[in-house]
Amino acid sequence: MRSQEHADPTPSALLERAGPDLYRHNAFRVTGLATNVTNAEVRAAADRRRLEDRMGMNSPIRRRVLPVEPPPDADQTREAFDRLYDPLSRIVDEIFWFWFETADDPALARLQDGDRRGAAEIWVRTDIRPTVQPGKAPTSSLSGDLATHNLAVLWHCEALDLELRAGKLAPYEQSLRNWYWSEAFKCWEAVVDHSAFWDRLARRISGDPDPRIKALAVEKIWKELPSALLLPNAALAAAAIEACDLDEVRRQSGLIRSSSPKPDQVEPSLRLVSASV
């Protein structure tokens, strides 16, 4: 990936957005638009929604990917469209949503039908690659490219949706939530450890005609991502401290520690938790 010549004018943009509601407020999830949508298509969709609101119509986009429950209201939808008009906010939301190379992607069709497991199976088959080392048994690894990224987004979104669900989770839901976290961290680690996705992001930025986006530094976003991924857990731990729920504080702190073996990636979030005590 080629080095970006300009510095990001808002270095903490990724970190500012990374709260527990990271996916619930994602502009692409709220509007139902794809991450490769053009600016003209964004404007057309926003105009259509404003007309529907003015006329009191309610015509949600069918086959929406991972629809938010409860559905976003008019204000939340307008805020989502506003984020898509801002190139920096849009890039952050693109990083935390699904990327598809074609409109007839079979994984996209599965997601639109509500078949999340089916979409994940397609990505796993696409992504897992064999690794052969002399004198060792063959193993498999994640490529860090689009399929890995999409798996990371799926499991991360599922984990945070369960974290934000009202009421106590059933035991099987708690186990599922733990599995989602484990898989999300593993997939995000592969995305960070390989350049494939970031090369795509660099090409995406260099090919955008909006002059405002040229100031984005992909390397800075890449470097900030590991810390940003743990901020939702730090915020959930801080809320648990305020509620005097020590078991939940320990659980969130444990998730942070288990996310990566690299101390420089986990210590900033653990310091945030300690500062909340």
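Look up a bit, the structure's there.
In this text the structure is predicted, and so the values were computed from the model without any measurement.

## So, helix H3 (residues 39-54)
With 16 residues, H3 ought to run about 22 Å at 1.5 Å a step, and its terminal C-alpha atoms sit 22 Å apart, in line with that. All of the buried residues in H3 are Val-42, Ala-45, Ala-46 and Glu-52. Viewed end-on, H3 has its buried residues packed into an arc of 125°, placing them on one side of the element. Residues of H3 that are buried make contact with helix H4 (74-85) and helix H5 (87-95).

## So, H4
In this model, H4 (12 residues) spans 17 Å end to end at C-alpha, consistent with the 16 Å of a helix rising 1.5 Å per residue. Every buried residue of H4 is listed here: Thr-77, Ala-80, Phe-81, Arg-83 and Leu-84. Buried residues of H4, seen end-on, are gathered within an arc of 155° and therefore sit on one face of the element. At the N-terminal end of H4, a side-chain oxygen is found 3.2 Å from the backbone nitrogen of Asp-75, two or three residues along, and the residue is Asp-73.

## So, the packing of aromatic side chains
For the coordinates displayed, the defined rule picks out 13 aromatic pairs. Ring centres 6.2 Å apart and planes at 25° place the aromatic pair Phe-100 and Trp-123 in the stacked group. A residue pair is termed long-range when its members are at least 10 positions apart, and Phe-100 in the loop between H5 and helix H6 (106-112) and Trp-123 in helix H7 (residues 116-127) qualify at 23 residues. An aromatic cluster is present here, built from Trp-97, Phe-98, Phe-100 and Trp-123 joined pairwise through their rings.

Definitions and cut-offs
- Residues numbered from 1 in each chain as written.
- Predicted model: local features only at pLDDT ≥ 70, side-chain atom pairs only at ≥ 80, totals over all residues.
- Heavy atoms only, no water.
- Helix = DSSP H or I, 4+ residues; strand = E, 2+ residues; numbered from the N terminus.
- Expected span 1.5 Å × (residues − 1).
- Buried < 20%, exposed > 50% of the residue type's maximum accessible area, 1.4 Å probe, protein only.
- Arc of directions from axis to C-beta.
- Contact = heavy atoms within 4.5 Å.
- Polar contact = N/O pair within 3.5 Å; in protein donor to acceptor, adjacent residues only side chain to side chain.
- Phe/Tyr/Trp six-rings, centres within 6.5 Å; stacked < 30°, edge-to-face > 60°.

These results come straight from atomic positions and should not be treated as a statement about function.
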